[in-house]
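Residue-level structural notes
Given next are the chains, with one letter for each unit.
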Amino acid sequence: MTPPPSIRHAFRSEGVTKVYGSGPAAVHALRGVDLEVPQGEIVVVLGPSGSGKSTMLNILGGIDRVTDGKVWFLDEELTAMNDAALTQYRRRHVGFVFQFYNLMPSLTARENVELVTEIADNPMDAGEALELVGLTDRADHFPAQLSGGEQQRVAIARAIAKQPEVLFCDEPTGALDSHTGRAVLRVLKGVNEKLGATVMIITHAAATAQMADRVIKFADGQIRDNIVNTSKVLPENIEW
Amino acid sequence: MVSSLDKKLGRDLWRIKGQATAIAVVIALGVLMLVMMDGLVNSLEATRTAYYERYRLADIFAPVKRAPDHVIKEIAEIDGVNVAEGRIFGGALIDLDDEPAPIRAQVASLPDYHEARLNDIYLTQGRALDPTRKDEIILLKAFADARDLGPGDQLSATMNGARRTFDIVGLAQSPEFLYAVAPGEIVPDDRSFAVFWMSREALGAAFDLDGAFNEALVQIGRNGDILSVIDQVDRLLEPYGGVGAYGLEDQLSNRFVSEEISGLRISARTVPSVFLFVAAFLLYIVISRIVQSEREQIGLLKAFGYSGAEVSLHYFKFTLVIAVAGAALGCIFGVLSGRGMVELYLIYYKFPFLVFSVDPTAFAVGLAVSIFSATIGGILVLRQVFALTPAVAMRPPAPADFSKSIAFSDAFKRFLDQPSRMVLRRFIRQPWRAAVATIGIGAGMALSISMLTVLASFDEIVDINFSVINRGDVTVSFIEPLADKTLFELKRIPGVSEVEPFRSVPAILRHGRQKHRGGLSGLIVEPRLNRAMATDRSQIMMRGDGIILAKALSDKLGIEPGDMLTVEVRNGRRPVLELPVASIAETLIGAPAYIELGALNRAMKEPYRVSGAYLRIDSSKRDSIYKAIKNMPAVAGVSRKEAEREALVKVMNEGAGGMRFVMAAIAGVITFGIVYNSARIAFAERERDLASLRVIGFTRGEASFVLLGEIAIISLLALPVGIFLGQFLAIAISAGFSTELYQIPVYYSRTSYATAALAVLAAACVSGWLVSRDVDKLSLVECLKSRE
């Protein structure tokens, strides 16, 4: 499927391969992935364990490198960047949300968000980011005092506070119950709409795909399906 | 068949090989010290005993003015005496062509027609004396080697005022001169002190002692009582001018050897235990951290049905491998460095052989202490882990609760960015963890401080002794006390600018049940060249009848100013005096007792007598001054301050004192080990946070700040802790190094503290750099996947 030329792509990749290890022990995580992700979409990436979806996301997020092939973010070639440039790329453009939250236990919710706003070019106010995830009243709590869903929402607030162009979410609801999970997805949808950020969500929960603009399915290190979702469902209506 | 747990053990050890090696090395260093020092004590003692036995060193030495030969038979019949032999023993001055100053020597007779029954010599080269030749001597090997003399060479010496030339026929070593030091000096200088042996008949002629002896040597039988034998020998020799018999423990060379061994034994007990304690503390920190990180796997093993005992055994084996490897390494290198140290000892202690051998107990103790210290940290943490159910243990630990942290005020917050808050909160939230790391580094620093303090104190001793206390250039001593008009002869020598007389008499000092065999030094009222100094470095004047005691001596006798001291003078009329102690002097070398010269002579009822003089000379006229002194028949010896100073510095740097450098180096290695391990632990505990920071866009430098800030604060906090602990440790280690012969003052120098502080900071910088390289290498992907 080739999008019309007027559409800007957040990401483009050509023949991306990723091999871990070498010789007989080598593991081919990606086997020549060509991908185009239009700007501003919610993309849900599905696939079984070991299909290469996390590896692809890590490469797009600038925390892993390709073995071969090329990847562009807008007009910049990520695969040509050195480590310092990749750091700047993550710092300016990318927000991450992880399955295990990865909050700093020694900082409060607000401070965890401020951790990012202090180094970002054009951040929103930390309070505003927390308001977006509905945690204004929990802002001065430490992670140990928050539930799993709340911790994940702090992680999202931290990711969005820099007003990123792209938001990567690796199993954002994986550690949460369905009710909390829906709330988190609603926040992601809101970020997508308010900030116009491209949101890429990796998940095992196929139901999440119902809210996506696009669903990409990975298998054996390759893209098996790349489907535009024509019947989007609001997060609160997702059947879990 | 290796069990899967043992396979895990092997692979886990391989995984943490760096840290395991660091721990093993620290253990090895502690054990090395233990094995080396214990082995030295053991070897010196065993070799000394064997040497004394083989060459039949006497148990009692009884100097006398002149006793007829038949008296020796009466001594031999005393109950408890095994063998008795009379000999002739005296002083001599050797004159070498290439040496302007006369060289002090002692000469002893050997029996003419039979082997020496006591105090035999070990002939290393040449042949025995021919009793029919009167001009043959056997020379002390150390002096011969230092002066490049050997059999076939000639030597001229002045004995009893007459100068003669002798043929050297052999070289020898003797247990009596194991530590060959001139009387009144403390450091052997092979070049300026000689001993030679002559035929009894020839020496008798030289000292006008035909048919008589001037020293009785006595060997005690198995059940003999040394004190009662000494009493009876004294009674027998009294009519012939007996000076007082004394036991082997008071024999000059043996006293030095005993002091060295007992000093070494104290060091062997204190110093390695301090090192091992610090090592144990470090191990506790590291191993508890390792077990903590295995928490999940422990939960898993328990979930599979392994019992607590099986899991404990697994981790016990883990520490056991490290501890045993470290201890084995320590034993091997302890023996090797012990062998090296033995070579240093042989420079000053002239054993014909010295084999380094370690008491197996030292190995056992080293091993046990290592295993214990390595295991204790693991056990404490295992207990915590076992308290959890397997399910809880397998889950990652909940985020540490920081909610009880003190809230930063808004004003304060403005100064702190988030990374700084992360650093600070960790200290506030987990003060115990930070305290352990701080104390650990502080302990390492204290070790360095104390070793540096001891190093500085050695230099201080030399400086004070030779620049403040002893300001003369040359000390001249006479064969026997002379009228003080002899001083004019010395003053007349061109180039001699100052002459200050002294009188020294051998004496036994008693207070209560304590006694000290030494002497009294009579000094002029206001000495300028050899002074008694108070602790505050002010000069103590000689006044009235009071005695001024060295600190070491007053400690030994348990006496204070105002108390009365009993002085049994051992020559002349041998008066017994009761004298008040006037004050205590700070002397670092030896243990003198001073009294005003006039008062001493009055007490001896021998007015205007002097035993020698301290001279200050014009160094450009040195050679001619020595030549003039050589020609004065009354002179028994000349000692040059510069030579003494050089000899002392040499023994401190190259001899037994060299051990302090080894210890200082080890202290440095341990300090670095602790700092580095603290940094590694901080890194391990922060790995995930650091990776998260990197992922959200922090640069390497910014992420490293969180880690390095912590290391920096811990290191800075450790400085005052190290300074505090270092003072106490310095006192303990100085005491361990001090002997009766020299006292190591605890000389707190700013340089020592500054050096130790810089070492800690440098170690922190290097460790920080090493660890921050790992921040660069952090695998962001792996770290976010793994939960801990």
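What counts as what
Residues numbered from 1 in each chain as written. Chains lettered and ligands numbered in written order. Predicted model: local features only at pLDDT ≥ 70, side-chain atom pairs only at ≥ 80, totals over all residues. Heavy atoms only, no water. Domains from an automatic or database assignment. Contact = heavy atoms within 4.5 Å. Buried area = accessible area lost by both parts, 1.4 Å probe. Polar contact = N/O pair within 3.5 Å; in protein donor to acceptor, adjacent residues only side chain to side chain. Helix = DSSP H or I, 4+ residues; strand = E, 2+ residues; numbered from the N terminus. Nonpolar A, V, L, I, M, F, W, Y, C, P; charged D, E, K, R; others polar. Buried < 20%, exposed > 50% of the residue type's maximum accessible area, 1.4 Å probe, protein only. Salt bridge = Lys/Arg side-chain N within 4 Å of Asp/Glu carboxyl O. Pairing = 2+ DSSP bridges. Axes fitted to C-alpha atoms, helices over the stretch in contact; angles between N-to-C directions. Core = buried A, V, L, I, M, F, W, Y, C linked by side-chain atoms within 4.5 Å. Right-handed = clockwise from strand over helix to strand, strands pointing away. Expected span 1.5 Å × (residues − 1). Bend = angle between axes of the 7 residues up to and from the residue. Parallel < 35°, antiparallel > 145°, perpendicular 65-115°, else oblique. Left-handed = near helix turned anticlockwise from the far one by under 90°. Phe/Tyr/Trp six-rings, centres within 6.5 Å; stacked < 30°, edge-to-face > 60°. Lys NZ or Arg CZ within 6 Å of the ring centre and 35° of its normal.

**A short note on the domain arrangement of chain B**
Residue and element names in this part refer to chain B.
- Taken as a whole, chain B is organised into domain 1 (53–252), domain 2 (416–470 + 641–788) and domain 3 (496–617).
- Distance between the C-alpha centres of domain 2 and domain 3: 46 Å.
- On the domain 3 side, the residues contacting the 13 residues of domain 2 number 14 residues.
- Between domain 2 and domain 3 lies a buried interface of about 1,200 Å² when both sides are counted; carbon and sulfur atoms form 57% of it.
- For the pair domain 2 and domain 3, the number of links is two residue pairs in polar contact (both at pLDDT 80 or more).
- Per element, the largest residue contribution to the side of domain 2 that touches domain 3 is six residues, and it comes from helix H14 (residues 431–469).
- Split into classes, the residues belonging to the side of domain 2 that touches domain 3 amount to eight nonpolar, three polar and two charged.

**Overview of unusual backbone geometry**
Residue and element names in this part refer to chain B.
- With phi around 55°, Asp208 is a residue other than glycine that occupies positive phi space.
- In this fold, Asp208 is placed in the loop between helix H5 (200–206) and strand S10 (212–220).
- Note on Asp208: relative accessible area 53%, which makes it exposed.

**Quick word on the interface of chain B and chain A**
- On the chain A side, the residues contacting the 31 residues of chain B number 31 residues.
- For the chain B and chain A pair, buried surface summed over both sides reaches about 2,800 Å², with 60% attributable to carbon and sulfur atoms.
- Broken down residue by residue, the surface that chain B buries against chain A is led by B:Gln418, B:Ile696 and B:Val781, which jointly contribute 22%.
- The interface formed by chain B and chain A contains six salt bridges.
- For B:Arg421, the salt bridge identified is with A:Glu111, shortest N-O distance 2.7 Å.
- Applying the counting criterion to the chain B and chain A interface returns nine residue pairs in polar contact (both at pLDDT 80 or more).
- Looking at the side of chain B that touches chain A, the elements with two or more residues in it are helix H13 (418–429), helix H20 (659–695), helix H21 (700–737) and helix H23 (780–785) of chain B.
- Looking at the side of chain B that touches chain A element by element, the count peaks at seven residues for H20(B).

**Quick word on the sheet that holds strand S11 (residues 246–247) of chain B**
Residues and elements named next belong to chain B.
- The strand order across the open sheet built from four strands is S2-S10-S1-S11, with neighbouring strands paired in antiparallel fashion. Edge positions in the sheet fall to strand S2 (81–87) and S11, since each has one partner strand and no second.
- Judged from the six bridges that link them, S2 and S10 form a sheet pairing that is antiparallel. If you follow Glu85 over to S10, its bridge partner there is Leu217.
- Strands strand S1 (60–68), S2, S10 and S11 of the sheet are contacted by helix H6 (residues 226–237), whose axis makes an angle of about 10° with S1.

**Brief notes about the pairing of strand S4 (residues 68–73) of chain A**
Residue and element names in this part refer to chain A.
- Summarising the sheet, strand S1 (residues 9–20) and S4 pair through five bridges and their orientation is antiparallel. Bridged to Arg12 within S4 is Trp72.
- Note: S4 against strand S5 (residues 76–77), two bridges, orientation antiparallel. Across the sheet, Phe73 pairs through a bridge with Glu76, a residue of S5.

**What to know about the pattern of salt bridges**
- Enumeration over the complete set of coordinates arrives at 41 salt bridges over all chains.
- Where A:Glu114 meets B:Arg421, a salt bridge forms, and the shortest distance between an N and an O atom there is 4.0 Å. One end of the pair, A:Glu114, is in helix H3 (residues 109–117); the other, B:Arg421, is in helix H13, on a second chain.
- The closest approach of N and O atoms between B:Glu45 and B:Arg265, which form a salt bridge, is 2.6 Å. Pair noted here: B:Glu45 is in helix H2 (residues 17–54) and B:Arg265 is in helix H7 (residues 252–293), with a separation of 220 residues, a long-range link.
- Overlapping salt bridges bring together B:Arg127, B:Arg133, B:Asp135, B:Glu136 and B:Asp167 as one network.

**Focus: the sheet that holds S1(A)**
- Reading across from one edge, S2-S1-S4-S5 (chain A) is the order of the four strands in this open sheet, with antiparallel pairing throughout. Where the open sheet ends on each side, the last strands, each with one partner, are strand S2 (27–38) and S5 of chain A.

**Regarding the nonpolar core**
- Residues A:Phe11, A:Tyr89 and A:Phe168 are the most contacted members of the largest nonpolar core, which totals 160 residues.
- Excluding its chain neighbours within four sequence positions, the residues that come into contact with A:Tyr89 are A:Phe11, A:Leu60, A:Gly61, A:Gly62, A:Phe73, A:Leu78, A:Met81, A:Val94, A:Val166 and A:Phe168.

**With respect to the pairing of strand S8 (residues 198–202) of chain A**
Residue and element names in this part refer to chain A.
- Most of S8 sits out of view: five of its five residues are buried.
- Residues Thr198, Met200 and Ile202 point to one face of S8 and Val199 and Ile201 to the other, with burial holding for every one of them.
- By the bridge criterion, four bridges tie strand S3 (residues 42–46) to S8 in an arrangement that is parallel. Residue pairing in the sheet places Val44 in a bridge with Ile201 of S8.
- Relative to S8, strand S7 (residues 166–170) is paired through five bridges, and the arrangement is parallel. Within S8, the residue paired with Cys169 across the bridge is Ile201.
- Since S7 and S8 lie parallel, the crossover through helix H6 (residues 178–195) that links them has a hand, and here it is right-handed.

**Digging into the environment of B:Val181**
All names here are of chain B.
- Summarising the element assignment, Val181 is placed in the loop between strand S8 (162–173) and strand S9 (193–199).
- Judged by relative accessible area, Val181 falls into the buried class, the value being 4%.
- Separated by 115 residues in the primary sequence, Val181 and Glu296 have C-alpha atoms spaced 67 Å apart.
- If sequence neighbours within four positions are ignored, Val181 has contacts with Ile186, Val187, Pro188, Phe193, Leu252 and Phe256.

**Section: H21(B)**
- Here H21(B) spans only 49 Å end to end across 38 residues, well under the 56 Å set by a 1.5 Å rise per residue.
- Most pronounced at B:Val706, the bend in H21(B) amounts to some 35°.

**Looking at the packing of H2(B) against helix H9 (residues 308–348) of chain B**
Residues and elements named next belong to chain B.
- Contact geometry for H2 and H9: axes closest at 6 Å, N-to-C directions at 40°. With respect to H9, the axis of H2 lies oblique. The interaxial crossing formed by H2 with H9 has right-handed handedness.
- Tallied by class, residues from the contact of H2 with H9 come to 21 nonpolar, five polar and no charged.

**Focus: the packing of aromatic side chains**
- Applying the stated criterion across every chain yields a total of 16 aromatic pairs over all chains.
- Between B:Tyr179 and B:Phe256 the ring centres are 4.5 Å apart and the planes differ by 20°, which places this aromatic pair in the stacked class. Of this pair, B:Tyr179 sits in the loop between S8 and S9 while B:Phe256 sits in helix H7; the two residues are 77 residues apart in sequence, bridging distant segments of the chain. Taken as a pair, B:Tyr179 and B:Phe256 share a single burial class, namely buried.
- One aromatic cluster is present, built from ring pairs that chain together A:Phe11, A:Phe73, A:Tyr89, A:Phe96 and A:Phe168.
- Taking NZ or CZ as reference, A:Arg12 lies 4.4 Å from the ring centre of A:Trp72, over its face.
- A cation over an aromatic ring shows up here: B:Arg773 above the ring of B:Trp769, its NZ or CZ 5.0 Å from the ring centre.

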